[in-house]
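Structural overview
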Amino acid sequence: MAVVRLDQLRKVYPNGHVGVAGASFEIADGELLVLVGPSGCGKTTLLRMIAGLETISGGTLSIDGRMVNELAPKDRDIAMVFQNYALYPHMTVAENLGFGLKLRGHPQAEIDRRVAAAAKTLELESRLAARPAGLSGGQRQRVALGRALVRDPKVFLLDEPLSNLDAKLRLSMRVEIARLHRQLKATMVYVTHDQIEAMTLGQRIVVLDGGVIQQIDTPMNLYDKPANLFVAGFVGSPAMNQLHGTLRREAGWTLVTAHGTIPLGEPAQAAAWQPWRDRPVVLGIRPEDLQPPPAGTPAFTALLEVLEPVGNEVFLNLRYGGQALVSRVSPRTLPEPGSQVPLSLVAERLHLFDAESGSRIGA
């Protein structure tokens, strides 16, 4: 396996559009790193630059200590898995798995050995004689993974490999990829637009927007300490609630909004809020931290518009003035749509952002 290092890597297209603006980070040996963001954020462009399928406009890229900016894809010792599988329909599973090795002139005995090992790892041994048309979507994706696996490359690059699968198959293949990574201890770079996929697979996640890296961190740090409003709104399902208002300190901390005043209690992080007193801010609160209040807890009310039961929990879709809110609650006792619901905030779980820059306030 190998370390991959990006130093101010840029992609600027002939029309002047900046696809990636100065990406700098290191992917550790054996790490599964996920690139995530909305469509057009630059994640696939960045992956294709690592693969050598996209020319680099500036900066340097090194794999295993060797600069590879000008190297052809075949000379970088990487293997790529695409979202459309890219299998040869006239070949059997065994032939698809071994085709890349055959092109590189490996002896047949070596090809057979590697194909058998990959088939065992991916539980494809009984399907080696089948052709792609006779496989399920999950089996086709495992063949695509196996074709990369037999290469024994320094780096695996996966470009939205699960996007063509239904929800149940995506879940099982996520588990498959995570298991494969633990088994191989391989360096993997995984691109997805699905933040749940990113959170469940990545040891670290690079969040991109508009070609710019917004934050690089572990999944839980992204969730618990988003660096800015974009990350706060992108990571988490449902997304973090965001309330706009003015931060005040009177008989306690409050957020004064156009619709009313929201009590914030005395959170431990409030010392960092002092410079933002009487200034416009955005308050972030996760749905699970917006709850019906215990007796005696300061609260505010919001209009319940829609209930969304999902089995072991219910999402309350609320309206506070002109701002939409979501609360994640137990299904045991539920209010009626159209009613005013009292709510309180878990003080220790509040997030505060500068309304102008969008940057996080405090640790």
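Residues numbered from 1 in each chain as written. Predicted model: local features only at pLDDT ≥ 70, side-chain atom pairs only at ≥ 80, totals over all residues. Heavy atoms only, no water.

1. Regarding the packing of helix H2 (residues 93–103) against helix H3 (residues 108–121)
Where H2 contacts H3, the axes come no closer than 9 Å and their chain directions differ by 130 degrees. When the interaxial angle is binned, H2 and H3 end up oblique. In this structure, the crossing between H2 and H3 has a hand that is right-handed. Where H2 approaches H3, its residues Ala-94, Leu-97, Gly-98, Leu-101 and Lys-102 are matched on the opposing element by Ile-111, Arg-114 and Val-115. (Axes fitted to C-alpha atoms, helices over the stretch in contact; angles between N-to-C directions. Helix = DSSP H or I, 4+ residues; strand = E, 2+ residues; numbered from the N terminus. Parallel < 35°, antiparallel > 145°, perpendicular 65-115°, else oblique. Left-handed = near helix turned anticlockwise from the far one by under 90°. Contact = heavy atoms within 4.5 Å.)

2. What to know about the packing of helix H4 (residues 137–149) against helix H5 (residues 167–184)
Put simply, H4 and H5 touch, their axes get as near as 10 Å, and they point 20 degrees apart. Classified by the angle between their axes, H4 and H5 sit roughly parallel to one another. Relative to H5, H4 is oriented so that their crossing is right-handed. Across from Gly-137, Gly-138, Gln-141, Arg-142, Leu-145 and Leu-149 in H4, the residues of H5 making contact are Leu-169, Met-173, Glu-176, Ile-177, Leu-180 and Leu-184. Considering only residue class, the contact of H4 with H5 consists of 7 nonpolar, 3 polar and 2 charged. (Nonpolar A, V, L, I, M, F, W, Y, C, P; charged D, E, K, R; others polar.)

3. Some words on the sheet that holds strand E15 (residues 290–291)
Strand order in this open sheet of 5 strands is E15-E19-E16-E17-E18, and the pairing throughout is antiparallel. Only two strands of the sheet have a single neighbouring strand rather than two, namely E15 and strand E18 (323–329). As judged from the 2 bridges shared by E15 and strand E19 (residues 340–345), these two strands associate in the antiparallel manner. Bridging across to E19, Gln-291 finds its partner in Ser-344. (Pairing = 2+ DSSP bridges.)

4. Here we look at the sheet that holds strand E2 (residues 18–27)
Reading across from one edge, E2-E1-E4-E5 is the order of the 4 strands in this open sheet, with antiparallel pairing throughout. Every other strand in the sheet has two partners, leaving E2 and strand E5 (66–67) as the edge strands with one partner each. By the bridge criterion, 5 bridges tie strand E1 (residues 4–12) to strand E4 (residues 58–63) in an arrangement that is antiparallel. What sits directly across from Arg-10, in E4, is Gly-58. Strands E1, E2 and E4 of the sheet are contacted by helix H1 (residues 43–51), whose axis makes an angle of about 120 degrees with E1.

5. What about the packing of aromatic side chains?
This structure, assessed with the given rule, holds 4 aromatic pairs. On the basis of an interplanar angle of 65 degrees and a centroid distance of 4.9 Å, the ring pair of Tyr-88 and Phe-99 is categorised as edge-to-face. One end of the pair, Tyr-88, is in the loop between strand E6 (78–81) and H2; the other, Phe-99, is in helix H2, and 11 residues separate them in sequence. Ring geometry for Trp-253 and Trp-273: centres 5.6 Å apart, planes at 85 degrees, overall edge-to-face. Pair noted here: Trp-253 is in strand E12 (residues 253–256) and Trp-273 is in the loop between strand E13 (261–265) and strand E14 (280–285), with a separation of 20 residues, a long-range link. Across the pair, exposure class does not vary: Trp-253 and Trp-273 are buried alike. Positioned over the ring face of Tyr-223 is Arg-286, at 3.9 Å from the centre of the ring. (Phe/Tyr/Trp six-rings, centres within 6.5 Å; stacked < 30°, edge-to-face > 60°. Buried < 20%, exposed > 50% of the residue type's maximum accessible area, 1.4 Å probe, protein only. Lys NZ or Arg CZ within 6 Å of the ring centre and 35° of its normal.)

6. With respect to H4
With 13 residues, H4 should reach 18 Å at 1.5 Å per residue; the first-to-last C-alpha distance of 18 Å fits that figure. Among all positions of H4, only Gly-138, Gln-139, Gln-141, Arg-142, Val-143, Ala-144, Leu-145, Gly-146, Arg-147, Ala-148 and Leu-149 are buried. Looking at the buried residues of H4, the elements they touch are E6, H2, H3, strand E7 (155–159) and H5. (Expected span 1.5 Å × (residues − 1).)

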